[in-house]
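What follows is the residue order along each chain.
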Amino acid sequence: MMRHRYAALVLLVISSTHAAKTPKPQIEITTSKGTLRLELTPDHTPITVDNFLAYVDASFFDGLTFHRVIKNFMAQGGGFDSNLNEKPPLFPP
């Protein structure tokens, strides 16, 4: 009986340690309509999060516009400036 309790405790410690090693970065998007705070999920999408943060670190999104907005559904942005000139990607696929 004591052996099972010890195994459960070890599993709990391993799970807690793993969770602490994968922080969820947060970013803020400031717009003319207010500020959005997003939490990213590197544990689910590590490549996408790394790519997105590389663009953030390079200030790629500064000054860009949401060029497609559908009320109560979605907003799309990240590739065009306020004059709808396309901005080339920094890290093409």
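The rules we used
Residues numbered from 1 in each chain as written. Predicted model: local features only at pLDDT ≥ 70, side-chain atom pairs only at ≥ 80, totals over all residues. Heavy atoms only, no water. Patch = residues over 30% accessible without salt bridge, like charges linked within 9 Å, V, L, I, M, F, W, Y side chains within 5 Å. Areas by Shrake-Rupley, 256 points an atom, 1.4 Å probe, with all protein chains shown as cover. Salt bridge = Lys/Arg side-chain N within 4 Å of Asp/Glu carboxyl O. Helix = DSSP H or I, 4+ residues; strand = E, 2+ residues; numbered from the N terminus. Buried < 20%, exposed > 50% of the residue type's maximum accessible area, 1.4 Å probe, protein only. pLDDT = per-residue confidence, 0-100. Contact = heavy atoms within 4.5 Å. Phe/Tyr/Trp six-rings, centres within 6.5 Å; stacked < 30°, edge-to-face > 60°. Lys NZ or Arg CZ within 6 Å of the ring centre and 35° of its normal.

**Here's the deal with a nonpolar patch on the surface**
Thought 1: Together, Leu36, Leu38, Phe66 and Val69 line one region of the surface with nonpolar side chains, adding up to about 340 Å² of accessible area.
Thought 2: Contributions of two or more residues to the nonpolar patch are made by strand E2 (34–39) and strand E3 (64–70).
Thought 3: With respect to the helices and strands, Leu38 occurs in strand E2.
Thought 4: A relative accessible area of 34% places Leu38 in the partly exposed class.

**Examining the confidence of the model for the chain**
Thought 1: Here the chain shows a mean pLDDT of 80. Residues at 70 or above account for 76%.
Thought 2: Predicted confidence in the chain is weakest over helix H1 (residues 2–21), with a mean pLDDT of 42, and strongest over helix H2 (residues 46–57), with 94.
Thought 3: Within the model, pLDDT remains below 50 along residues 1–20, and this stretch shows 0 contacts once partners closer than five positions in the same chain are excluded.

**Side note on the environment of Pro23**
Thought 1: Structurally, Pro23 is set in the loop between H1 and strand E1 (26–31).
Thought 2: Note: C-alpha distance between Pro23 and Glu39 (16 residues apart in sequence) is 9.9 Å.

**Remarks on the packing of aromatic side chains**
Thought 1: Under the counting rule described, the total for this entry stands at 5 aromatic pairs.
Thought 2: Geometrically, the ring pair formed by Tyr55 and Phe60 is edge-to-face, given 4.8 Å between the ring centres and 80 degrees between the ring planes. Each member of the pair, Tyr55 as well as Phe60, carries the same accessibility label: buried.
Thought 3: For the pair Tyr55 and Phe91, a centre-to-centre distance of 5.0 Å together with 85 degrees between the ring planes defines the contact as edge-to-face. Of this pair, Tyr55 sits in helix H2 while Phe91 sits in the segment after strand E4 (74–81), and the two are 36 residues apart along the sequence.
Thought 4: A residue is classified by how much of its surface remains accessible, and Phe91, at 41% relative accessible area, is partly exposed.
Thought 5: Here the aromatic residues Phe52, Tyr55, Phe60, Phe61 and Phe91 are joined through ring pairs into a cluster of three or more.
Thought 6: For Lys87, the ring lying beneath its charged end belongs to Phe60, and the centroid distance is 4.5 Å.

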